[in-house]
Amino acid sequence: MATTEEKVNDIFVKYTNIDFLSNTELQERKLMGVEFMIPPRTMAYLYCKLEEELHMKFSQDAVISGNFDTFRNICNVVAENVGEEG
């Protein structure tokens, strides 16, 4: 069975072509920052796809508090929502 990190990574690879498991040094970098420059519309799409494909819902607090900004933070939020440690 795939881990939360693997599931989230599969979605990122599918929709952004960024493989965070093969490039672990990128996991803490801001997704909308200078390096990746993922546009807001793509982040919104990823948000929806993560909820849909992982059968979970993000809390508004997780997004508003800035926890939807790096691969690592997203994995942690997903793990909390599905009851698994990130």
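Positions within a chain are numbered from 1, following the residues in the order the chain's sequence is written. Owing to the predicted nature of the model, reporting of local features is limited to residues with pLDDT of at least 70; listing and counting of side-chain atom pairs is limited to 80 or more, with chain, interface and lining totals taken over all residues. Only hydrogens and water are removed before side-chain values are computed, so all heavy atoms of the structure are retained for them.

Novice: Sorry if this is basic, but what is going on with the environment of Thr70 here?
Specialist: Runs of E in the DSSP output that reach at least two residues are strands. Runs of H or I that reach at least four are helices, and both are numbered from the N terminus. Position of Thr70 relative to the elements: it lies in the loop between helix H3 (60–64) and helix H4 (71–82). Between buried and exposed lies partly exposed: a residue is buried under 20% and exposed over 50% of the maximum accessible area for its type, with that area taken using a 1.4 Å probe on protein chains only. Accessibility expressed as a relative area gives 3% for Thr70, which makes it buried. Pairs of N or O atoms are called polar contacts if they sit within 3.5 Å, as long as, within protein, a hydrogen donor faces a hydrogen acceptor (for residues adjacent in sequence, only side-chain-to-side-chain pairs). Engagement of the side chain of Thr70 in a polar contact is seen with the backbone nitrogen of Asn73, the distance being 3.0 Å.

Novice: Would you mind showing me how to read H4 here?
Specialist: Note that an α-helix has 3.6 residues per turn; residues three or four places apart therefore point the same way. To estimate the expected span of a helix, subtract one from its residue number and multiply by 1.5 Å. In a regular helix each residue adds 1.5 Å, so 12 residues correspond to 16 Å; H4 covers 16 Å between its end C-alpha atoms and thus fits that length. Regarding H4, the residues found buried are Phe71, Arg72, Ile74, Cys75, Val77, Val78 and Ala79. Two residues qualify as a contact provided that any one of their heavy atoms is within 4.5 Å of a heavy atom in the partner residue. Considering only its buried residues, H4 is in contact with helix H1 (4–16), helix H2 (40–54) and H3.

Novice: Got a minute to help me understand the packing of aromatic side chains in this structure?
Specialist: For any pair of aromatic rings, geometry is given as the distance between the ring centres together with the angle between the planes. Pairing of aromatic side chains requires ring centres within 6.5 Å, counting the rings of Phe and Tyr and the six-membered ring of Trp. Pairs whose planes differ by under 30 degrees are stacked, by over 60 edge-to-face, and all others tilted. Counted by the stated rule, this structure contains 8 aromatic pairs. Ring geometry for Tyr47 and Phe68: centres 5.6 Å apart, planes at 70 degrees, overall edge-to-face. Placement of the pair is Tyr47 in helix H2 and Phe68 in the loop between H3 and H4, with a sequence separation of 21 residues. With a centroid separation of 5.2 Å and 80 degrees between ring planes, the pair formed by Phe58 and Phe68 is classed as edge-to-face. With a gap of 10 residues between them, Phe58 in the loop between H2 and H3 and Phe68 in the loop between H3 and H4 connect regions that are remote in the sequence. By relative accessible area, Phe58 is classed as buried at 7%. Taken together, Phe12, Phe20, Phe36 and Phe71 form an aromatic cluster joined through their ring pairs.

Novice: Just checking my understanding: could you explain the pattern of salt bridges for this structure?
Specialist: Opposite charge on two side chains lets them pair, provided their charged atoms get close. When a carboxyl oxygen of Asp or Glu lies within 4 Å of a side-chain nitrogen of Lys or Arg, that pair is called a salt bridge. For the coordinates displayed, the defined rule picks out 6 salt bridges. Lys14 is the partner of Glu53 in a salt bridge, and the nearest nitrogen-oxygen pair spans 3.6 Å. Of this pair, Glu53 sits in helix H2 while Lys14 sits in helix H1, placing them 39 residues apart in sequence. Under the relative-accessibility criterion, Glu53 is labelled partly exposed at 27%. For Lys30, the salt bridge goes to Asp69, with nearest N and O atoms at 2.4 Å. With a gap of 39 residues between them, Lys30 in the loop between H1 and H2 and Asp69 in the loop between H3 and H4 connect regions that are remote in the sequence. With a relative accessible area of 17%, Asp69 lands in the buried category.

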